[in-house]
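# Coordinate inspection notes
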Amino acid sequence: MHPRWPTRSTTWMTLGLLACLATGAVHAQPADAPWRETSAPAEQALDATAFQGVDAALATQFTDVQSAVVVLRGRVVYRFYRDGEPDKLRDTQSASKSALSALLGAAIAQGRITSVDQRVMELVPEWAPLNTDPRAATITLRHLLTLTAGFAQDSGPRTRAGTAAPLPVREAWARPLAADPGQVFAYDNSVTPLLVTVLEKATGMPLADYARQQLVGPMGLAEPSYRDSIVHLRTLDMAKLGQLYLQHGQWNGKPLVPEAFADASVQTQNAGGPPVGLHYGYLWWVVPGKAPRPTFMASGYGGQFIWVYPPLDLVVATTSTVSSDSQQRGHALQLIRSPLFAAAQRRVAGEPK
C-alpha cells in the first residue's frame, strides 16, 4: 500500500511555512544581474559567515537532504552535496513538470503553438478517434498546463507519491472525462506524456533535442537524462530554472520564455489541491497571498524542490532521498524554512546599502 502524499502534517507545514514567508517584509532589488556561479574572495567570506552552521545542521538534523543550492540576486551563495558530486544528475520526481512548462512557453514564442488556448486536437488531430466524448475536443493547452483537463483519474497502479502512475499517451487521452474541461483541478501524472507529445508534434523534434536548443545550450545546463517521465538534472540546473522564472523568462538579458507566459505560470490559475495543497499555475505550485509576486515552487516527492521567494530574489533548489520516510519527515522544507532562509536574510543584511 502506497503512502498518500503528503501527509496532513506535511501539507500544513508547507502552507504555514510558505504563507509566512510570502508576506515577509524584506525587499530586494530586481533580479536582473547576470547569473554568477563564482564570486570574489570578499563575497565568499561574507557568504561563509551568513551560512555558518548550515553544513552542521545538514549533517545532524536534515539527513534526508542530499544536495542544496542557494541563489541570491542571481549569484550562487551556498552549495551542499552530501555525496561530493556537484555534476550528478538527480531524480527530480514531479519537479520536472515545471521544467516542461518552460519548453511549452518557448514553443508559443516561436509560433509553433498559437497560445495556451489552442485546442489540443488542432495540434494532435490523430487523437480525435481515441475519445468520443465531445468535451475532449474542447480541451486546450491551458487545461493541461493547469491540470484541469477533466479526465477521470485512473484507479490502477500508483506512484510512490500515492497518485496515479502516468499512462501511455493513447490510453491517457482515451480516458473518460469526469468533469468539464477547466472546471476541476486534479493532479494527473498522465498530463506529462500528453504535453511531451504535444510539444514534439508542434516542434517537429524529440523533447531532448528541443530542450537542448531552447534551454540546455542557452542556459549552460548539463545535458539532462529522461527516464520514466522524469527529468534528471543537476541541482545547480534546478536552481537555474527557478532563476529563469524569477527573471520573467529572461536569461542574461535574453528572453527564453515569453514574459507573459512565465509570469502567468507562477501566478494562481486555480485553487489547486492535493497532493501539495497550494494554488496552481502552469505546472508550478503557487503560494496564495497578497504579495505583488507570490512565492512559487516546483515540488517532487520526497523533498525535491525549486523554491522561489521573489521579495528576496531568492532561489533554493534541493534534492532528497526518494522514499516514503523522507516524504514524511519533510527535511527539505524544514531546511528551507529555518537555516537557509535565515542565512539568506543575514547575507542581504550584511551587504552595503
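Residues numbered from 1 in each chain as written. Predicted model: local features only at pLDDT ≥ 70, side-chain atom pairs only at ≥ 80, totals over all residues. Heavy atoms only, no water.

### A short note on the sheet that holds strand β3 (residues 90-91)
Rule in force here: The pairing criterion is simple: DSSP has to find at least two bridges between the two strands. A run of H or I in DSSP counts as a helix once it spans at least four residues, and a run of E counts as a strand once it spans at least two, with each numbered from the N terminus.
Spatially, the 3 strands line up as an open sheet ordered β3-β5-β4, and their pairing is antiparallel. The open sheet has two edge strands with one neighbour each: β3 and β4 (225-227). When β4 meets strand β5 (residues 230-233), the two strands line up antiparallel, connected through 3 bridges. By the bridge assignment, Ser 225 is partnered in β5 with His 232.

### Here we look at the packing of aromatic side chains
Our working rule: Aromatic pairing here means that ring centres of Phe, Tyr or Trp (its six-membered ring) are within 6.5 Å. Orientation follows from the plane angle: under 30 degrees is stacked, over 60 is edge-to-face, and everything else is tilted. For each residue, the accessible area found with a 1.4 Å probe, counting protein chains only, is set against the maximum for its type, and the residue is called buried under 20%, exposed over 50%, and partly exposed in between.
Following the criterion strictly, the structure yields 14 aromatic pairs and no others. An angle of 65° between the planes, with centres 5.9 Å apart, marks the rings of Phe 185 and Trp 285 as edge-to-face. Taken together, the residues Phe 185 in the loop between α7 (169-174) and α8 (191-203) and Trp 285 in strand β10 (residues 285-286) connect sequence positions 100 residues apart. Comparing Phe 185 with Trp 285, the two get one shared label, buried.

### Some remarks on the sheet that holds strand β9 (residues 278-280)
With antiparallel pairing, the 8 strands of this open sheet are ordered in space as β2-β1-β13-β12-β11-β10-β9-β8. Edge positions in the open sheet fall to β2 (75-81) and β8 (270-273), since each of these has one partner strand only. One ladder, built from 6 bridges, connects strand β1 (residues 65-72) with β2; its direction is antiparallel. Pairing of Val 69 across the sheet is with Arg 79, part of β2.

Remember, this is a structural readout, not a statement about activity or role.
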